[in-house]
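# Survey of secondary and tertiary structure
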Amino acid sequence: MSEVIAWFSDPSNWQGSTGVPVRLWEHVWISAVSVAVATVIALPVGLYTGHTGRFAGVAINLANIGRAIPSYAVLVMVLPISLSLAPVLGYSPNLGLSFIPTFTAMVLLAIPPILVNAHAGLQAVDRDLIEAARAMGLKEREILGQVELPIAMTVIVGGFRTAVLNVIATATIGAIVSFGGLGRFIIDGRLRGVAGIPELISGAILVTVLAVTVDLLLGGLQRRITPDGVKIAEGQSFELPKPALSPAS
Amino acid sequence: MSFKRLVVAGSVFALLITACGGGAAGTDDPTVRIGSDNFYESRLMAEIYALVLEDAGYTVERSFGLGSRQERAPAFEDGQIDLVPEYVGSGLGYYDATQITGDGETNRERLATVLADKGITVFGITPGEDTNAAVVRQATADELGLSSMSDLAAVQADLRWGLPPDCDENPLCKGALEQYGITYPPAERESLAACDVPIAEALNGDAIDFAWLCSTQPAIVQYGFVVLEDDLDTQPAENIAPLVRNDFLEQLSDADAFQALLDGASAGMTTEELTRLGVEVSVNQREVDEVAREWLEAQGLLGD
């Protein structure tokens, strides 16, 4: 433990292109880009299947393939493909070596929770409410935007939180294909044998702290954007508060 | 192919014949728990040792694929396995990188000294070794006229280097490159673990021009890479030897016979054989136990 403290208090571990700030930035960057792209792909699909109930089986099963393949396997499978496509598509082989395999593995990891939660969140909305909204003359788009989304928001953001947490924890494997990020401390420390153990543990601590911090921030965001009428106060069951729907109000 | 090998093989064979008659393995001998790291060559050597022992009447329990040295070494020191094949250079480097030398027997002795405190004995080494190899693509070698590591200094700025993450403090990496007149660190560098799949793929896919691989790594044959000669002898000897726990050896009825069996098997393993068997397993996708048994039979190391 004292060696881990010594590692954290060594100024050389906080400077330059291999220091903690740069590695932290790389880690946050790859995680953010991957989750953003996964959201762009998964959210519309999840909202569509959740709202209409169509193609749900296909979409969810496809997304779950992403969950079933270990990220490491994705990384190693994508590597030769992304390298061999570099001259064909004209991008730098360096992208094919480190960024593309890591990015692909992280997007595939982030899609399932976002898609499945978006779908499940919408499906869980009381059918009577949707029928009532339809009867009041709301268009499908308005039903989605004004009735379903606000009610399902907690569940949808929950899926997003899961995706972010998974990606931050797993993006460490990018170091295997020479991508940066906090995984470098873990992978490099491991390669250094007994002498690298403090570095390895420090890397693991950094990833954990980052993941927990981001999750707490997203938890705060989740509470903030959940409409008051849907908020689940502590100790209460998940029920729509009666006054909000009472005809008298 | 040497006479020496015939003698060793012959003496082991003789030993095996006596084993059949009375047994190198006594009836009370404990089960041998053999471990290996999680890559083909370690599995192959472990399987060879396992087959030789089984043939002599020992009961063997295989725990192959125990991660890499970083995970396996603590498990072994804890007594979860009794025997594991190890590279004497890297194995020594795991405990103390400054002690590594270019001589296999010296590395074995030094590793034995380090491990003696942990209650572990190092048996005899294989004549063959799997050492670090500086590798380039055939096209690069042709274009820049590279055949030995001394040729690298003149073209260092034109190359994209694939170097292991621990190169900075590793005398075998940074130290060796500097000995060859290469300014460290090179301008263009990717951090990739030596001897691993990604570094070989990166070299083949033109993301790097120089890679550290292992000399018996099948990717070298598979992709037709050129191994640059280590003309200044900077790389350590990486012969293979079984590490055995002393508390296990003490339980054996005949520990000397036990060691003779394994030393006999190690004695036949040359670098050429190691490379050839590696290609059988990794490129031709054959089963490790089948390749190991075939080799032992060809060596005359299995009775009947």
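Worth saying up front: this structure is predicted, and the values here are computed from it rather than measured. (Residues numbered from 1 in each chain as written. Chains lettered and ligands numbered in written order. Predicted model: local features only at pLDDT ≥ 70, side-chain atom pairs only at ≥ 80, totals over all residues.)

## A short note on the interface of chain A and chain B
To keep it simple, the criterion reads: What counts as a contact is two residues whose backbone-derived C-beta atoms lie within 7 Å of each other. Only DSSP runs of H or I with at least four residues qualify as helices, and only runs of E with at least two residues qualify as strands; both kinds are numbered from the N terminus onward. Ten residue types, Ala, Val, Leu, Ile, Met, Phe, Trp, Tyr, Cys and Pro, are classed as nonpolar, four, Asp, Glu, Lys and Arg, as charged, and the remainder, Gly among them, as polar.
Facing 20 residues of chain A, the contacting portion of chain B comprises 18 residues. Looking at the side of chain A that touches chain B, the elements with two or more residues in it are helix H4 (71–89), helix H5 (93–123) and helix H8 (183–191) of chain A. Of the residues forming the side of chain A that touches chain B, the biggest block, six residues, is contributed by H4(A). Across the side of chain A that touches chain B, the residue classes tally to 12 nonpolar, five polar and three charged.

## As for the pairing of strand E5 (residues 132–136) of chain B
All names here are of chain B. The cut-off we apply is this: Burial is judged by counting other C-beta atoms within 10 Å of a residue's own C-beta: 20 or more means buried, 12 or fewer means exposed, and anything between counts as partly exposed, with every C-beta placed from the backbone. When DSSP finds at least two bridges between two strands, those strands are taken to pair.
Here E5 lies mainly inside the structure; five of its five residues are buried. Burial of the side chains of E5 extends over both faces: Asn132, Ala134 and Val136 are buried on one face and Ala133 and Val135 on the other. In terms of strand pairing, E5 meets strand E8 (residues 210–214) through five bridges, oriented antiparallel. By the bridge assignment for E8, Ala133 is matched with Leu213. In this sheet, strand E9 (residues 226–228) lies alongside E5 in antiparallel orientation, the contact comprising three bridges. Looking at E9, one finds that Val135 is bridged to Val227.

## Re the confidence of the model for chain B
Residues and elements named next belong to chain B. As a reminder of what qualifies: Confidence of the predictor in every single residue is expressed as pLDDT, which spans 0 to 100.
Averaged over all residues, the pLDDT of chain B is 88; the fraction at 70 or higher stands at 92%. Within chain B, helix H1 (residues 3–21) has the poorest average pLDDT of any element, 52, and strand E10 (residues 240–245) the best, 97. Counting interchain partners and residues more than four positions distant, the pLDDT-below-50 stretch residues 15–22 has 12 contacts. Scored as a complex, the prediction yields pTM 0.77 and ipTM 0.76.

## Quick look at unusual backbone geometry
Residues and elements named next belong to chain B. Residue Pro185 follows Tyr184 across a cis peptide bond; omega there is -5 degrees. Within the secondary structure, Pro185 sits in the loop between helix H8 (171–179) and strand E7 (189–191). Within the chain, Asp233 stands out as a residue other than glycine whose phi angle is a positive 50 degrees. Looking at the secondary structure, you find Asp233 in the loop between E9 and E10.

## Points about the nonpolar core
The following threshold applies: The term nonpolar core refers to a set of buried Ala, Val, Leu, Ile, Met, Phe, Trp, Tyr and Cys residues connected through C-beta atoms within 7 Å.
Judged by nonpolar contacts, the single largest core of 141 residues is most densely connected at A:Ala110, B:Tyr49, B:Val52, B:Val135, B:Ile199, B:Ala211 and B:Leu213. At 15 residues, H5(A) tops the list of elements feeding residues into this core.

## So, the environment of B:Pro198
As for its placement among the helices and strands, B:Pro198 is situated in helix H9 (residues 197–204). By C-beta crowding, B:Pro198 is classed as buried, having 25 other C-beta atoms within 10 Å. Those residues in contact with B:Pro198 that sit more than four places away from it in its chain are A:Leu79, A:Ile176, A:Val177 and B:Leu192.

## Considering the environment of A:Gly181
Residue and element names in this part refer to chain A. When you line up the elements, Gly181 lands in the loop between helix H7 (140–170) and H8. On the basis of neighbour count, Gly181 is assigned to the buried category, with 28 C-beta atoms found within 10 Å. Along the backbone, Gly181 and Pro112 are 69 residues apart, and their C-alpha atoms lie at a distance of 23 Å. Ignoring any residue separated from it by four or fewer positions in sequence, one finds Gly181 in contact with Arg23, Glu26, His27, Ile30, Ala171, Thr172, Gly174 and Ala175.

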